[in-house]
Amino acid sequence: MDVSEIIIAGDTPGVEWRLPVFRFKGTKPEAPRTYIQAALHANELPGTALLHFLLERLRQAESEGGILGDITVVPQANPIGAAQSHFGELQGRFDLGTRTNFNRDFPLIALGERPSLVENIDRHSAVDWLKRHLLSMALGAELVLDLHCDDEGLQYAYVDETFWPEASDLAAALDMQAVFLSDGESSAFEEAVAHAWKHESAGERRTSLPGRLSVTVELRGTRDVYPEMARKDAEGLYRFLARRGVVSAESHPLPAFGGVVAPLDNIEIIRAPESGAILFHKDVGESVKEGELLATIIARPGMADGAIEIRSPQDGLIVTRVSTRFARRRADLMKIACAETSRAARKPGTLEA
């Protein structure tokens, strides 16, 4: 295993950021190359815990000659965000300087333009420097996994329609309960990777990418950071790598993925009609019927008309829920994966800013 650091110059004098990168050299040139990162949203730590235990497993495999394909692992992909706290709260999702989501505005380039990402890198801000290095490393692989988590949630993933159903082995290995099929219309990290693969050269657009995968994995919620949970997920991810021929392991067939599969247009995002205290009547993992009571917003405490009921617009599975118990008007409360298309309008791309 090789451990190195990418040094990112800060935007003010005397500041720099260090990005640790772990690399394993494979013994079979034909084996898939893999890139895995966690905590691009720096306050989402289940993936960092998973990769801590996965690296332990990979070191063991390396000592036994079991690393077949090149593997690059970045357990804490955002040292800039990890240093941005506001009144004691880690602000790892948005850059405080630009107010930009750390998982947006990745360059959308053709694969052949990969070298340009890090050319004259010192012309770019620290955040763009970081994004360009991450994307450059990922584009050297065939399997790319970006590990995130939700606020409160089930184990699920965003998978570009191009990679489904081939990616069902990852969903099965990590015991996911849902898969959201995305349309590849944003500048998020995993979609920037897929964009480059689809546009291998200028003017080209491929609709099939066999053997490749770029995916966002949502590892439950922000507070689901426990040793046994992280070890279990690490073993699941190792089984996936073994199935794809990246590492060697005893052959254990994966069960068929039996979770919910829903395109983004079928995701009902439940929003608060008014501001107030949130009383949830349903939890993540529960199946609901159209018209069932999901939550009550206490908008005007003590008033006869002060409580507002929120009901499910259709049948579905509650995949996520916010952990806060106070809502601003139009704040997201839940995501429900449904069999039918939502009647709510949705812009192309990812579900949140």
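Residues numbered from 1 in each chain as written. Predicted model: local features only at pLDDT ≥ 70, side-chain atom pairs only at ≥ 80, totals over all residues. Heavy atoms only, no water.

Under an unreviewed UniProt entry, the name given to the protein chain is Peptidase M14, and the organism recorded is Rhizobium fredii.

Account for the packing of helix α1 (residues 46-63) against helix α6 (residues 227-243), with residues named and values stated.
Helix packing geometry: the angle between the two helix axes and the distance between the axes. Following both chains from N to C, one finds α1 and α6 inclined at 50°, their axes separated by 8 Å at the closest point. In terms of orientation, α1 lies oblique with respect to α6. At the point where α1 passes α6, the crossing takes the right-handed sense. Note on element contacts: α6 touches α1 through Pro-227, Ala-230, Arg-231, Asp-233, Ala-234, Glu-235, Leu-237 and Tyr-238, opposite Ala-49, Leu-50, Phe-53, Leu-54, Arg-57, Leu-58 and Ala-61. Looking at the contact of α1 with α6 residue by residue, the classes come out as 11 nonpolar, no polar and four charged. (Axes fitted to C-alpha atoms, helices over the stretch in contact; angles between N-to-C directions. Helix = DSSP H or I, 4+ residues; strand = E, 2+ residues; numbered from the N terminus. Parallel < 35°, antiparallel > 145°, perpendicular 65-115°, else oblique. Left-handed = near helix turned anticlockwise from the far one by under 90°. Contact = heavy atoms within 4.5 Å. Nonpolar A, V, L, I, M, F, W, Y, C, P; charged D, E, K, R; others polar.)

Lay out the side chain of Ser-214 in plain terms, naming residues and giving numbers.
Note that Ser-214 resides in strand β11 (residues 213-221). Within the local environment of Ser-214, its side chain forms a polar contact with the backbone oxygen of Glu-190, the two atoms lying 2.8 Å apart. Leaving out residues up to four positions away in the same chain, Ser-214 has contacts with Val-144, Phe-163, Glu-190, Val-193, Ala-194 and Trp-197. (Polar contact = N/O pair within 3.5 Å; in protein donor to acceptor, adjacent residues only side chain to side chain.)

I'd like a rundown of empty space enclosed by the protein, residues and numbers included.
Enumeration over the complete set of coordinates arrives at one cavity of 30 Å³ or more. For the largest cavity, the calculated volume is near 40 Å³. Contributions of two or more residues to the lining of the largest cavity are made by α1 and α6. By residue number, the principal contributor to the lining of the largest cavity is α6, which donates three residues. In terms of residue class, the lining of the largest cavity is made up of six nonpolar, no polar and three charged. (1 Å grid on protein atoms, 1.4 Å probe; cavity = no way out; pocket = protein on both sides within 12 Å on 5 of 7 lines; lining within 4 Å. Points joined across faces, edges and corners; volume = space filled by probe spheres on them.)

Describe the domain arrangement of the protein chain, with residues and values.
Here the protein chain is partitioned into domain 1 (1-257) and domain 2 (264-336). Taking the mean C-alpha position of each, domain 1 and domain 2 sit 31 Å from one another. Between domain 1 and domain 2 the total buried area reaches about 1100 Å² when both faces are included, carbon and sulfur atoms providing 62% of it. When the buried surface of domain 1 facing domain 2 is broken down by residue, Glu-152, Leu-154 and Phe-180 rank first, second and third, together holding 53% of it. The salt bridge partner of Arg-325 is Glu-152, with a shortest N-O separation of 3.7 Å. For the side of domain 1 that touches domain 2, the element with the most residues is strand β10 (residues 178-182), which contributes four residues. (Domains from an automatic or database assignment. Buried area = accessible area lost by both parts, 1.4 Å probe. Salt bridge = Lys/Arg side-chain N within 4 Å of Asp/Glu carboxyl O.)

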